[in-house]
Amino acid sequence: MVLPSAPAAAATPFKHPGVLVSKAKLDRARKNIKKEPFKSAFAKMKKHQFAKLTYKAKPYATVECGPYDHPNIGCSQELYDATAAYTQALMWYITKNPKYGYKSMQIMDAWSAKLKQHKNANSPLQQGWAAIDWAKAGEIMRYSVARKYWPHQKRFATMLRTKYLPGVVNGIGGTYNGNWELVMADATISIAVYLDDHKSYDKAVALWRKRVPAHFYLKSDGAVPHQPPGGPVDITKFWNTTEFASYNGISQEFCRDLKHTSWGLSAATQLAETARIQGGHLFTEQAKRLTASMEFAAKWQLANYDHKAIPANLCGGRLHLYMRPVLEVGYAAYKGGHSLPYTRKLMLRQRPAGVSLFQSWETLTNS
């Protein structure tokens, strides 16, 4: 067993590509592209608009994102373009068609040439969502033969360092829903690996270690969950429930909806996977907590799918759909040593995973 004090950071230098997907994972997907589940996952990606060679980036100088998309000035487009850059990078790696590589670099270059700032209340979350896919795309293109033909790598690195990292690296505090800070931590570690920035990497790991125990509840925590970093908060209002002890694995936003629940799980497991590639042991540190939360969320999403009754004391007897397909990363990490029947059933039901904000093609890359 690896103790919580075990180092999470890799020895210098970082392993590349190493943001969520490693060279071994990419090579495995390419080698097995005619076998399931890779075959179906690749077919779905290839048909998507983000994989079209006719795709055109539409960068903004100022991206302004307010609550509930009011306003939405460049916010959706930034996410589309970041995901498209990553999609094109995956297409390049698997097919070795240089046109996909050029398209990925073209999208990243368009944004690095124009972006100046993010504004308004949702900008930290927006920066986190976009930076995760930017970094994944950049890692693949930078650490493949295509890097020879990428004219503006330094400018892209400067964009990540100056237009995204400052907005996410210090977290946001306890009064915000936990998926925000987990996304920001995931973005921080992603940028840090791309930039070979050990200081920011360590900040991301430290934030994860504080937020994960406060976001995913275990009965062993006591009668109520841990306070979030930057607290204290009114726990029952923050979690939208007074029931904890009966529900091992419930997460802070579960009674809000399963969409936000899936974002928290996704960010937590994505960060842990990036750390694993770099030699860290975060999955081991929080194995009980993360597996319990995956199983809990999957169990009740399946219950909702199958129109089964929800207990009256669980979120008032009503759950809000629906959980995104975000279980591939966590399941792959834990399947060898943990029983995850609900996680597996839901994951297979949702395959092949497509695109949802910062989650992209994880059946193809992480199954």
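The structure under discussion appears in the preceding block.
Residues numbered from 1 in each chain as written. Predicted model: local features only at pLDDT ≥ 70, side-chain atom pairs only at ≥ 80, totals over all residues. Heavy atoms only, no water.

## A look at helix H14 (residues 341-350)
Residues of H14 that are buried include every one of Thr343, Leu346, Met347 and Gln350, and no others. Taken end-on, H14 shows its buried residues confined to a sector of 100 degrees, consistent with a single buried face. (Buried < 20%, exposed > 50% of the residue type's maximum accessible area, 1.4 Å probe, protein only. Helix = DSSP H or I, 4+ residues; strand = E, 2+ residues; numbered from the N terminus. Arc of directions from axis to C-beta.)

## Quick notes on helix H2 (residues 38-47)
Of all the positions in H2, only Phe38, Ala41, Phe42 and Met45 are classed as buried. Across the axial projection of H2, the buried residues extend over an arc of 95 degrees, all falling on one side. Check the buried side of H2 and you find it contacts helix H1 (23-31), helix H3 (75-95) and helix H15 (362-366). (Contact = heavy atoms within 4.5 Å.)

## A few points about the environment of Ala353
Along the polypeptide, Ala353 turns up in the loop between H14 and strand S6 (355-356). For Ala353, a relative accessible area of 4% puts it in the buried group. For the pair formed by Ala353 and Gln270, sequence separation is 83 residues and the distance between their alpha carbons is 15 Å. Beyond its immediate chain neighbours, meaning those up to four positions away, Ala353 contacts Lys44, Pro325, Trp361, Glu362 and Thr363.

## Describing the state of the cysteines
Counted according to the given criterion, the structure contains 2 disulfides. The residue that forms a disulfide with Cys65 is Cys75, at a sulfur-sulfur distance of 2.1 Å. On the S-S bond that ties Cys65 to Cys75, the torsion sits near -120 degrees, and the link is left-handed. Of this pair, Cys65 sits in strand S3 (residues 62-65) while Cys75 sits in helix H3, and the two are 10 residues apart along the sequence. Assessed through its relative accessible area of 4%, Cys65 is described here as buried. Covalent S-S linkage joins Cys255 and Cys315, the inter-sulfur distance amounting to 2.0 Å. (Disulfide = S-S within 2.5 Å.)

## Regarding the pairing of S3
On any regular strand, side chains alternate: one points to one face of the sheet, the next to the other face. Here S3 pairs with strand S5 (residues 117-119) via 3 bridges, running parallel. Within S5, the position partnered with Val63 by the bridge is His118. In the sheet, S3 pairs with strand S4 (residues 72-73) via 2 bridges, with the strands oriented antiparallel. Bridge pairing links Cys65 to Asn72 in S4. Taking the residues between adjacent antiparallel strands as the criterion, S3 and S4 are bridged by 6 residues, where Tyr68 takes a positive phi near 55 degrees. (Pairing = 2+ DSSP bridges.)

## Regarding the sheet that holds S3
With mixed pairing, the 3 strands of this open sheet are ordered in space as S4-S3-S5. The open sheet terminates on both sides in strands that have one partner only, identified here as S4 and S5.

## What about the packing of helix H7 (residues 178-195) against helix H10 (residues 258-277)?
It is the contact of H7 with H10, at a shortest axis distance of 8 Å, that shows an interaxial angle of 25 degrees. Relative to H10, the element H7 lies roughly parallel. The way H7 lies across H10 gives a crossing that is left-handed. For the pair H7 and H10, the contacting residues are Asn179, Leu182, Val183, Ala185, Asp186, Ile189 and Val193 in the first and His260, Trp263, Gly264, Ala267, Ala268, Gln270, Leu271, Thr274 and Ala275 in the second. When grouped by side-chain class, the residues that make up the contact of H7 with H10 number 10 nonpolar, 5 polar and 1 charged. (Axes fitted to C-alpha atoms, helices over the stretch in contact; angles between N-to-C directions. Parallel < 35°, antiparallel > 145°, perpendicular 65-115°, else oblique. Left-handed = near helix turned anticlockwise from the far one by under 90°. Nonpolar A, V, L, I, M, F, W, Y, C, P; charged D, E, K, R; others polar.)

## With respect to the nonpolar core
In globular proteins that are soluble, nonpolar side chains generally tend to be buried together. Ranked by size, the top nonpolar core spans 117 residues in total, and within it Trp134, Ile140, Phe254 and Leu314 carry the most contacts. Beyond its immediate sequence surroundings of up to four residues, Leu314 is in contact with Tyr247, Ile250, Phe254, Phe296, Trp300 and Leu319. (Core = buried A, V, L, I, M, F, W, Y, C linked by side-chain atoms within 4.5 Å.)

## Remarks on the pattern of salt bridges
The final tally for this structure, using the stated rule, is 11 salt bridges. For Arg209, the salt bridge is made with Glu285, and the minimal N-O distance between the two is 2.5 Å. Placement of Arg209 in helix H8 (residues 198-215) and of Glu285 in helix H11 (residues 282-285) is noted, with a sequence separation of 76 residues between them. Note on Arg209: relative accessible area 31%, which makes it partly exposed. Look at Glu285 and you get buried, because its relative accessible area is 16%. (Salt bridge = Lys/Arg side-chain N within 4 Å of Asp/Glu carboxyl O.)

## Describing the packing of aromatic side chains
By the definition in use, this model includes 16 aromatic pairs. Plain terms: the ring middles of Phe50 and Tyr55 are 5.8 Å apart, the flat faces sit at 85 degrees to each other, and that makes the pair edge-to-face. This pair shows no difference in class: Phe50 is buried, exactly as Tyr55 is. Positioned above the aromatic ring of Tyr86 is the side chain of Lys136, whose terminal nitrogen or guanidinium carbon lies 4.5 Å from the ring centre. (Phe/Tyr/Trp six-rings, centres within 6.5 Å; stacked < 30°, edge-to-face > 60°. Lys NZ or Arg CZ within 6 Å of the ring centre and 35° of its normal.)

## Quick look at the packing of H3 against helix H4 (residues 98-114)
The relative placement of two packed helices comes down to the angle between their axes together with the axis-to-axis distance. As a packed pair, H3 and H4 sit with axes 7 Å apart at the nearest point and diverge in direction by 155 degrees. Here H3 lies roughly antiparallel to H4, going by the angle between them. Here H3 and H4 pass one another in a crossing that is left-handed. Where H3 approaches H4, its residues Gln77, Glu78, Asp81, Ala84, Ala85, Gln88, Ala89, Met91, Trp92 and Thr95 are matched on the opposing element by Pro98, Tyr100, Gly101, Lys103, Ser104, Ile107, Met108 and Trp111.

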